[in-house]
Amino acid sequence: MLKKRIIPCLDVKDGRVVKGINFVDLIDAGDPVEQASIYNQNGADEICFLDITASSDKRDILLDTVKKTAECCFVPLTVGGGVRSIQDIRNLLLAGADKVSINTAAIKNPELIKESANKFGSQCIVVAIDAKKTNVNTWEIFTHGGREPTQLNALEFAKLAQENGAGEILLTSMDKDGTKEGYDIELTKKISSSLNIPVIASGGVGNLEHLKDGIIKGGSSAVLAASIFHFGEYSIQEAKEYLKKENVAVRL
Amino acid sequence: MKIAIIDYETGNLKSVSKALELASNNVLKRSNIEVINSAKALNNFDKVVLPGQGSFKQCFQSLNSIHGILDELTDFVMFKKKPILGICVGMQLFATFGDEDGGSDGLGWIGGEVKKINLKDLSLKLPHMGWNNIQISSNSKLLNGINNDSHFYFVHSYSFDVDEKKYISATTNYSIEIVSAIEKENIFGTQFHPEKSQANGIKILENFIKI
């Protein structure tokens, strides 16, 4: 039976793991290579590495840090941040990424999803959507690490991403990110139930019950969390044991 | 021992090479692991790993765009009988034909067709992505020491319908039964990614090095 995935996320800025609230007010949470190595040992199902200011700083991702992080990961590593072209994707794959997450560039140019899925396969193209609730049942996409509104409807865009060959959607609620109130279940459910491809719930985890809610109530295939793991509040093992007890299929 | 990983511009090559290096250190064999992108070099190697990500057709075309590689690979595998390990689409390419993307011939070393996974349970997602168990169905050199029901990492939407069941060494359930490992003499393949499957995956690569 296919298991639900627990994905610790390393939000990286200037080569350090950081954690913010609603995408700003960043605080230091350690060295990405060290953190990745701990998560790899600790039973993470995948690891996600996001260079969160690469797009807003208009620079390329930290390939060297990606390389070192990949060295110690023997689980799938998704890397994102500042990915703009086919060549960027190829460089990341060569640096040791297994999947590449595209955010700003995919939203500006959905054709890039198509081109990259054709070239590298859907399985390695993750489209990251940062969404903010703007109305009842409506979420708008923001880009550049949540700094710029787009007037794009998150659900409509997620469908387009799927059609263009995205292998999965990394769905972050900007309203919930860093609040520790739990995922935006409505948003997760809305998108997950409308797509055939897997959705990763992200943004807002404060305790283990939130992980369960993301999977059971939100219908996500995977749950992503950052701070509850970085600061040692819970280990990945503890999270999985809890989920297993709650009848969620996990890999232990 | 010299092991070649074929680079035809798809796939997570770096992950494959570093996992092979780790496996090689674990079995204390001094292996020389090289990523190659030309056919000529192939003769100097003892084993080959064929990774693969993307569509069957695109992978076959990209592989074929390396001048002379199909002949050299066929000589290496079918005549010299040296071991090859195909991973994911790399394994699928051993098939006679792949349906994806309008269809394409494969290498034809193991009879069968690669088809889109036809889910019985429509609430399931495609790609089949994540950790799933394997049921080991035959005495396999590659899966030696791996427990039945062990977890491996999968990511694919197409699967290999193998004509002759005796070549199937493991299957996996995803509302239908998927071929997750194959073995025919010196030809080995896994639908899952051993390079991304932690200790179980490294064990498989160790087995491949020891064969």
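The following paragraphs examine the structure supplied in this document.

Here is what the cut-offs are and how they apply
Residues numbered from 1 in each chain as written. Chains lettered and ligands numbered in written order. Predicted model: local features only at pLDDT ≥ 70, side-chain atom pairs only at ≥ 80, totals over all residues. Heavy atoms only, no water. Core = buried A, V, L, I, M, F, W, Y, C linked by side-chain atoms within 4.5 Å. Buried < 20%, exposed > 50% of the residue type's maximum accessible area, 1.4 Å probe, protein only. Helix = DSSP H or I, 4+ residues; strand = E, 2+ residues; numbered from the N terminus. Contact = heavy atoms within 4.5 Å. Salt bridge = Lys/Arg side-chain N within 4 Å of Asp/Glu carboxyl O. Buried area = accessible area lost by both parts, 1.4 Å probe. Polar contact = N/O pair within 3.5 Å; in protein donor to acceptor, adjacent residues only side chain to side chain. Axes fitted to C-alpha atoms, helices over the stretch in contact; angles between N-to-C directions. Parallel < 35°, antiparallel > 145°, perpendicular 65-115°, else oblique. Left-handed = near helix turned anticlockwise from the far one by under 90°. Pairing = 2+ DSSP bridges.

1. Observations concerning the nonpolar core
Reasoning step 1: Counting 71 residues, the largest nonpolar core has I47, V127, I129, I169, I191, L211 and F229 of chain A as the members making the most contacts within it.
Reasoning step 2: It is helix α6 (residues 154-163) of chain A that contributes the most residues to this core, 5 residues altogether.
Reasoning step 3: Filtering out sequence-adjacent residues up to four positions away, F229 of chain A remains in contact with I6, P8, Y39, L211, Y234, S235, I236 and A239 of chain A.
Reasoning step 4: In this structure, V27, I69, V77 and Y158 of chain B belong to the second largest nonpolar core, which totals 66 residues.

2. Side note on the pattern of salt bridges
Oppositely charged side chains can pair when the atoms bearing their charge come close.
Residues and elements named next belong to chain A.
Reasoning step 1: By the definition in use, this model includes 21 salt bridges over all chains.
Reasoning step 2: Residue K240 pairs with D45 through a salt bridge whose shortest N-O separation is 2.8 Å. A residue pair is termed long-range when its members are at least 10 positions apart, and K240 in helix α10 (residues 236-245) and D45 in the loop between α1 (32-41) and β4 (47-51) qualify at 195 residues.
Reasoning step 3: K217 is paired through a salt bridge with D213; the nearest N and O atoms lie 3.8 Å apart.
Reasoning step 4: Connected through salt bridges with shared partners, the residues R5, E46, K99 and E168 form a single ionic network.

3. Quick look at the interface of chain B and chain A
Reasoning step 1: With 33 residues of chain B in contact, the opposing surface of chain A contributes 38 residues.
Reasoning step 2: Both faces combined, the contact of chain B with chain A buries some 3,000 Å², and carbon together with sulfur accounts for 50% of it.
Reasoning step 3: Linking chain B with chain A are 3 salt bridges.
Reasoning step 4: A salt bridge links K14 of chain B to E71 of chain A; the nearest nitrogen and oxygen atoms lie 3.2 Å apart.
Reasoning step 5: If you look at where chain B meets chain A, you find 22 residue pairs in polar contact (both at pLDDT 80 or more).

4. Notes on the packing of α1 of chain A against helix α2 (residues 63-71) of chain A
Residues and elements named next belong to chain A.
Reasoning step 1: The interhelical angle for the contact between α1 and α2, taken along N-to-C directions, is 25°, at an axis separation of 8 Å. Relative to α2, α1 is oriented roughly parallel. In this structure, the crossing between α1 and α2 has a hand that is right-handed. Contacts between α1 and α2 involve P32, V33 and A36 from the first element and T65, K68 and T69 from the second.

5. A closer look at the sheet that holds strand β12 (residues 168-173) of chain B
Residue and element names in this part refer to chain B.
Reasoning step 1: Reading across from one edge, β2-β1-β3-β4-β14-β13-β12-β9 is the order of the 8 strands in this open sheet, with mixed pairing throughout. Taken across any chain shown, the strands that pair with only one partner, and hence form the sheet edges, are β2 (32-36) and β9 (135-136).
Reasoning step 2: By the bridge criterion, 3 bridges tie strand β3 (residues 47-50) to strand β4 (residues 84-87) in an arrangement that is parallel. Pairing of V48 across the sheet is with I84, part of β4.

6. Things to note about the packing of helix α3 (residues 86-95) of chain A against helix α5 (residues 111-120) of chain A
Residues and elements named next belong to chain A.
Reasoning step 1: Across the interface, α3 lies against α5 with an axial gap of 10 Å and an inter-helix angle of 45°. With respect to α5, the element α3 is oriented oblique. Considering only the axes of α3 and α5, their crossing is right-handed. When α3 is examined against α5, the residues I86, I89, R90 and L93 are found in contact with a partner set consisting of L112, E115, S116, K119 and F120.

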